[in-house]
Amino acid sequence: MAPASQRGGLGDHTVAMARNNIWANHRLLSACKALSPAEFAAPRTSFFPTLRATLNHILWVDTYYIDALERDPTVLQRYNDPPPDFPDAASLHTAQIASDRRLLAFCERQTEASLLEGLVLPRPNRTPPPSSVLSILEHLFQHQTHHRGQAHAMLAGTAVKPPQLDEFFLAGEQHLRRDELLALGLEPS
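Every residue gets a number counted from 1 within its own chain, in the order that chain's sequence is written. Since the coordinates come from a predicted model, pLDDT governs what is reported: local features require at least 70, and pairs of side-chain atoms require 80 or more to be given and counted, while whole-chain, interface and lining totals use all residues. Excluded from the side-chain calculations are hydrogens and water; all other atoms, namely the structure's heavy atoms, are used.

Engineer: So, helix α3 (residues 51–69): which residues are in play, and what are the values?
Structural biologist: Residue pairs spaced three or four apart in an α-helix point in one direction, given the helix's 3.6 residues per turn. Taking 1.5 Å of rise per residue, 19 residues should cover 27 Å, and α3 covers 27 Å from first to last C-alpha, within 8% of that figure. Segments assigned H or I by DSSP are reported as helices when at least four residues long, segments assigned E as strands when at least two residues long, and all are numbered from the N terminus. One or two steps after α3, the chain reaches Arg71, where phi turns positive at roughly 60 degrees. Expected span of a helix: the number of residues minus one, times 1.5 Å.

Engineer: Which residues make up the packing of aromatic side chains, and what values do they have?
Structural biologist: Pairing of aromatic rings covers Phe, Tyr and Trp, the last through its six-membered ring, and needs centres within 6.5 Å; plane angles under 30 degrees mean stacked, over 60 mean edge-to-face, and all others mean tilted. In the structure shown here, the tally under the stated rule is 3 aromatic pairs. Considering the side-chain rings of Trp60 and Tyr64, the 6.1 Å spacing of their centres and the 10 degrees angle between planes classify their relative orientation as stacked. Of this pair, Trp60 and Tyr64 are both found in helix α3, 4 residues apart, which corresponds to roughly one turn of the helix. With respect to burial, Trp60 and Tyr64 carry one shared label: buried. By way of ring pairs, the aromatic residues Trp60, Tyr64 and Tyr65 are connected into one cluster. Here the term buried applies to any residue with accessible area under 20% of the maximum for its type, exposed to any over 50%, and partly exposed to those in between, with areas from a 1.4 Å probe on protein chains only.

Engineer: Break down the packing of α3 against helix α4 (residues 89–108) for me, with residues and values.
Structural biologist: The convention used is that axes are lines fitted to C-alpha atoms, helices contributing only their stretch in contact, and that angles between N-to-C directions extend from 0 to 180 degrees. Contact pair α3 / α4: the axes reach a minimum separation of 10 Å and the direction vectors enclose 30 degrees. Classified by the angle between their axes, α3 and α4 sit roughly parallel to one another. Crossing hand, α3 versus α4: left-handed. On α4, the residues touching Leu55, Asn56, Ile58, Leu59, Asp62, Ile66, Asp67 and Leu69 of α3 are Leu92, Ala95, Gln96, Ser99, Asp100, Arg102, Leu103 and Phe106. Following the grouping adopted for this structure description, the nonpolar residues are Ala, Val, Leu, Ile, Met, Phe, Trp, Tyr, Cys and Pro, the charged ones are Asp, Glu, Lys and Arg, and the polar ones are all others, Gly among them. Of the residues belonging to the contact of α3 with α4, the class tally is 9 nonpolar, 3 polar and 4 charged. Any angle that is under 35 degrees is reported as roughly parallel, and any over 145 degrees as roughly antiparallel; angles of 65 to 115 degrees are reported as roughly perpendicular and all others as oblique. Handedness of a crossing is defined here by the sense of rotation of the near helix relative to the far one, left-handed for an anticlockwise turn of less than a right angle and right-handed for a clockwise turn. The contact criterion used throughout is that any non-hydrogen atoms of two residues lie within 4.5 Å.

Engineer: Let's hear about the pattern of salt bridges: which residues, and what values?
Structural biologist: One side-chain nitrogen of Lys or Arg within 4 Å of one carboxyl oxygen of Asp or Glu is enough to make a salt bridge. If you walk through the whole model with that rule in mind, you get 7 salt bridges. Ionic pairing is found between Arg71 and Glu117, a salt bridge with its closest N-O pair at 3.3 Å. Linking Arg71 in the loop between α3 and α4 with Glu117 in the loop between α5 (112–116) and β1 (118–119), this pair joins segments that are 46 residues apart in sequence. Of the residues examined, Glu117 reaches a relative accessible area of 38% and is grouped as partly exposed. Overlapping salt bridges bring together Asp67, Glu70, Asp72, Arg78, Arg102 and Arg109 as one network.

Quick look at the structure:
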């Protein structure tokens, strides 16, 4: 991890967002583990037709964006060779948390200067102009939040109680997430 003096405010912010991201995905997918594979794949009303499709989509997009952020020259192959479609929440949980750990490690390596660097997110049919690394991270966090909200609403239509996901990492609320952060190998802040 870059020292705080090198990361600065934006670096600390992206680390906080990545930590919140891994925690929220862990909490949501842990709740989904109570569903059978059939319930996980059952049709529901949302942008994607099932919890399985929605949560697998989050992982696919994360894989593409993290590979792009890490400047993997094979990133465009993700369009033709996406990550596997996980049929149950338990196997998806393992893969998502591994992806979230990659994202957190990436954010921990950033400095103020590296966050402002331009990066082209390659597309199969066009070459868009560069976006800052920070803008790409902001979009990725927003994408996750957007689809987690949809999955949360779909989960409400099952017998499983949707978990609280909007406990951001505020002072005085550490006890609300302490055990989960320790289970993820993260120090409570």
